[in-house]
Amino acid sequence: MSGNDDLKALIRTIPDFPTQGIAFRDITTLLLDAEGFAKSIDRLAALASGDIDLVAAIEARGFVFGAAVAKALGVGLVLVRKPGKLPGGKRSVDYALEYGSDSLEMHDDAIRGDQNVLLIDDLIATGGTACAALGMLREAGARVTQALFVVNLPDLGGAERLEAEGIMVGSLVEFEGE
Ligand code: AMP
């Protein structure tokens, strides 16, 4: 039994979404539960270590948790977005998916000096998304040492990929398999 089994029970699994064989870990059912949502934010914020200047959150479900954790920590929020959404000068990073590639963008002037940035997303699977965001944040001058997720899928190795980049990885719940 882990201390977060109450939260794990609120995350719904949808088989074969978006494609055959994927067990989609659906956090929308956690968000619907006021107490569960509040506890998930409190527990993510409690995992944050050191002096944090900014939270960076990955679109879209990362925004939900990242914004609330930023509020809990009393810091600002950087949005790491899908392409074509940001109006100002921006930098971008391309990264490989299982089939094809994708990109992320952030505003070029979002990081001021060498700020300590905490990276947040809802879930880490292979770590491709988080590693891409990490690379872009570091290129922008951010000091990133920690990443937090509601869900870790340890069998896919994403946490190890981030740890190899010098990142402390924290998560609330783990699910076996993909
Ligand atoms: P990855 O880049 O492989 O670590 O995938 C992480 C991103 O894809 C996160 O933004 C997740 O929201 C989403 N994702 C990947 N696999 C799943 C899954 N099994 N259930 C829900 N979301 C997933």
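Residues numbered from 1 in each chain as written. Predicted model: local features only at pLDDT ≥ 70, side-chain atom pairs only at ≥ 80, totals over all residues. Heavy atoms only, no water.

Draft legend 1. Inspection of the nonpolar core at higher detail. Counting 27 residues, the largest nonpolar core has Leu104, Ile111, Val117, Leu119, Leu137, Val144 and Leu162 as the members making the most contacts within it. When contributions to this core are tallied by element, the ones reaching two or more residues are strand S3 (54–58), strand S4 (76–80), strand S5 (90–96), strand S6 (101–107), strand S7 (116–124), helix H5 (128–139) and strand S8 (143–152). Per-element accounting of this core gives the leading share, seven residues, to H5. Once residues lying within four places of it in the same chain are set aside, the contact partners of leucine 137 are Ala56, Met106, Ile111, Val117, Leu119, Ala142 and Val144. Ile11, Ile52, Phe65 and Val151 belong to the second largest nonpolar core, which has 22 residues in total. (Core = buried A, V, L, I, M, F, W, Y, C linked by side-chain atoms within 4.5 Å. Buried < 20%, exposed > 50% of the residue type's maximum accessible area, 1.4 Å probe, protein only. Helix = DSSP H or I, 4+ residues; strand = E, 2+ residues; numbered from the N terminus. Contact = heavy atoms within 4.5 Å.)

Draft legend 2. Structural context of the sheet that holds S7. Read across the open sheet, the five strands follow the order S4-S3-S7-S8-S9; overall the sheet is parallel. Two strands close off the open sheet at either side, each with one partner strand: S4 and strand S9 (168–174). Each neighbouring strand pair of the sheet contributes to a mean axis angle of 20°, computed without reference to strand direction. Bridge count between S8 and S9: six bridges; the pairing is parallel. Within S9, the residue paired with leucine 148 across the bridge is glycine 170. Across the sheet, helix H3 (residues 34–47) lies against S8 and S9, angled at about 155° from S9, the strand it touches most. (Pairing = 2+ DSSP bridges. Axes fitted to C-alpha atoms, helices over the stretch in contact; angles between N-to-C directions.)

Draft legend 3. Just the site of the ligand, in detail. The ligand sits among 14 residues. The nearest are Asp122, Ala125, Thr126, Gly127 and Thr129. Contact between the ligand and alanine 23: a nitrogen atom at 3.0 Å from a main-chain N or O atom of the residue. Within the side chain of arginine 61, one N or O atom sits 3.3 Å away from an oxygen atom of the ligand. With the chains in place, 81% of the 490 Å² that the ligand exposes on its own is no longer accessible. One can see that the ligand is located within the largest pocket. (Near = heavy atom within 4 Å. Polar contact = N/O pair within 3.5 Å; in protein donor to acceptor, adjacent residues only side chain to side chain. Areas by Shrake-Rupley, 256 points an atom, 1.4 Å probe, with all protein chains shown as cover. 1 Å grid on protein atoms, 1.4 Å probe; cavity = no way out; pocket = protein on both sides within 12 Å on 5 of 7 lines; lining within 4 Å. Sits in = over half its atoms within 2 Å of the grid points.)

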